[in-house]
Every structure is written in C-alpha cells, then in structure tokens.
Amino acid sequence: INISFGLGANVWNTGIDFNQLSDPEFNTNDPVLLGGRTSATSFDANAGLTFSTTNFYTGFSTMNLLQTNNVFGDANAIFGNARHFYWITGFNIPLVDSVWNFEPSFLIKYAYGNAPQADLNARFLYKDFIWFGASYRARYTFVGSFGVRVKEMLDVGYSYDHHATPINFFGGPSHEITLKYTLR
C-alpha cells in the first residue's frame, strides 16, 4: 500500500488582443476594448493525494489553490484562475503473463461555476516501459496518448485531444507533453 502527496506550482501567462474582441461595425468608446494587446502573468499552487495498491489506485487533487487573478492593463480587465478539483480511480489488470497490463480508469473533474465532467480512459502498458491509451471525455472529445519510461524514475508522455463539437472552431485540437519524475 502506498500513500503519496504532491505539491506543484503554476505560472500562467495569458495574452489578449482587445481589438479582436470588438465588432468593427459597432463603434465603441469602451476604453478596455481600445486597449490593443496586453498580457498578464500570475502564479498559483496545486496539491494532491493518492492511495494505491498493486492493482488499484484512487486520488484527489486540486489546482489553483490560491485562485489568483491575471490583471490586464490598468486593472480594466481581470481573468481569474478558478479552483479545479479532480478525482481519479483506476485498476491495473495483468494480461499475457504480466508482460502487458490493461489499465481502465475514470476521472471526474469540477471547476467552480461549471458542471462536473467525466473522462473514461483505457491504457495498455508493455513491461512497464512503454504505453499507449485512449480516452473519451464527456461532450465528444477524444484523446489519444502514448508514453515511454526514459529512466527508472523519469517518464515522458504525449497526448492529442480532438473535439468533435463546434468548440473545435474556437480552439482546435490540443497537444500535451507530460514529464513525470518519481522519487523512490
């Protein structure tokens, strides 16, 4: 049985081009929308706790513990970093003489002001060295991922999210690179 605790830090740098937010046919004298481009940087913290056995794990974590704000310009526009909560549970099922393992899991996410969201995940691991997986996120988002153990304590992973809804028009797909360092 393992119980783990983690702490993390975030650095957010967000930019806004206010000229793209205004409608050129609508003549506005709003000083915020006439501000051109601006950016803001803020800092925040994360924490998490997991409980795991050989074939089961569950964990809870939260991001944006401090809920800091990004302040743009002369405090005319503020973007807040809402607190997020995550709960994950999964199983490790040995296959083919424990050379291959199958790991189904689910993740429930909640961000203040939004409805909870769930992910269903499936991952295959080969000799605890290389893995690939797929996920389905509520509201039609599909994720493909793979990763490799570089050294005994260092893993590197990549995932690609594709939104099969109109949100794809606004943000397109997303890419994520993960580095995992495990202290033993």
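Note: the structure precedes this text.
On a predicted model such as this, the values are computed, not experimentally measured, just so you know. (Residues numbered from 1 in each chain as written. Predicted model: local features only at pLDDT ≥ 70, side-chain atom pairs only at ≥ 80, totals over all residues. Heavy atoms only, no water.)

K.L.:
What is the right way to look at the overall build of the chain in this model?
P.N.:
The number of helices and strands found in the chain is 1 helix and 13 strands. Across the chain, helices and strands are ordered from the amino to the carboxyl terminus as β-β-β-β-β-β-β-β-β-β-β-β-α-β. The burial tally for the chain puts 26% of its 184 residues in the buried class. Taking as baseline every contact in the chain between residues at least 6 positions apart, the subset at least 24 positions apart corresponds to 38%. With the model as given, the accessible surface of the chain reaches about 12,600 Å², and the carbon-plus-sulfur share is 63%. (Helix = DSSP H or I, 4+ residues; strand = E, 2+ residues; numbered from the N terminus. Buried < 20%, exposed > 50% of the residue type's maximum accessible area, 1.4 Å probe, protein only. Contact = heavy atoms within 4.5 Å. Areas by Shrake-Rupley, 256 points an atom, 1.4 Å probe, with all protein chains shown as cover.)

K.L.:
Quick question: what am I supposed to make of a nonpolar patch on the surface here?
P.N.:
A cluster of nonpolar side chains, namely Ile1, Ile3, Phe5, Leu7, Leu49 and Phe51, defines an oily patch on the protein surface of about 730 Å² accessible area. At the level of elements, β1 (2-17) and β2 (37-52) are the ones that each hand at least two residues to the nonpolar patch. Ranked by the residues each element gives to the nonpolar patch, the list is headed by β1, at 3 residues. Within the secondary structure, Ile1 sits in the segment before β1. (Patch = residues over 30% accessible without salt bridge, like charges linked within 9 Å, V, L, I, M, F, W, Y side chains within 5 Å. Salt bridge = Lys/Arg side-chain N within 4 Å of Asp/Glu carboxyl O.)

K.L.:
Explanation requested: the side chain of Ser159 in the structure shown.
P.N.:
Relative to the elements of secondary structure, Ser159 occurs in strand β12 (residues 154-163). According to the relative accessible area criterion, Ser159 is buried, its value standing at 11%. Setting aside chain neighbours within four positions, we find Ser159 in contact with Val143, Gly144, Ser145, Ser174, His175 and Glu176.

K.L.:
What should I look at first to understand the side chain of Ser42 in this one?
P.N.:
Position of Ser42 relative to the elements: it lies in strand β2. Given a relative accessible area of 4%, Ser42 falls into the buried group. In this structure, Ser42 is in contact with Asn10, Val11, Trp12, Thr68, Asn69, Asn70 and Asn81, ignoring residues within four places of it in sequence.

K.L.:
Sorry, what's going on with the environment of Phe124 here?
P.N.:
Of note, Phe124 is situated in strand β9 (residues 117-126). Residue Phe124 is classed as partly exposed on the basis of its relative accessible area, which comes to 29%. Separated by 31 residues in sequence, Phe124 and Ile93 place their C-alpha atoms 9.6 Å apart.

K.L.:
What is the right way to read the environment of Phe106 from this model?
P.N.:
Mapped onto the elements, Phe106 comes out in strand β8 (residues 100-111). Setting aside residues no more than four positions away along its own chain, Phe106 makes contact with Trp87, Ile88, Thr89, Asp119, Leu120 and Asn121.

K.L.:
Before we go on, may I ask you to explain the pairing of β2 in this structure?
P.N.:
For a regular strand, side-chain orientation follows a simple rule: the groups alternate between the two sheet faces. Two strands pair when backbone bridges link them, and β2 and strand β3 (residues 56-63) are joined in this way by 6 bridges, in the antiparallel orientation. For Thr50, the partnering residue across the bridge sits in β3 and is Gly59. Counting the residues that bridge the hairpin from β2 to β3 gives 3 residues. (Pairing = 2+ DSSP bridges.)

K.L.:
Mind showing me how you'd approach the pattern of salt bridges here?
P.N.:
A complete count under the given rule lists 5 salt bridges for this structure. The salt bridge involving Arg137 is made with Asp161; its shortest N-O contact spans 2.9 Å. Remark: Asp161 occurs in strand β12 and Arg137 occurs in strand β10 (residues 130-137); sequence separation between them is 24 residues. The burial state of Arg137 is the same as that of Asp161; both residues are buried. Salt bridges linked by common partners bring Lys109, Asp119, Arg137 and Asp161 together as one network.

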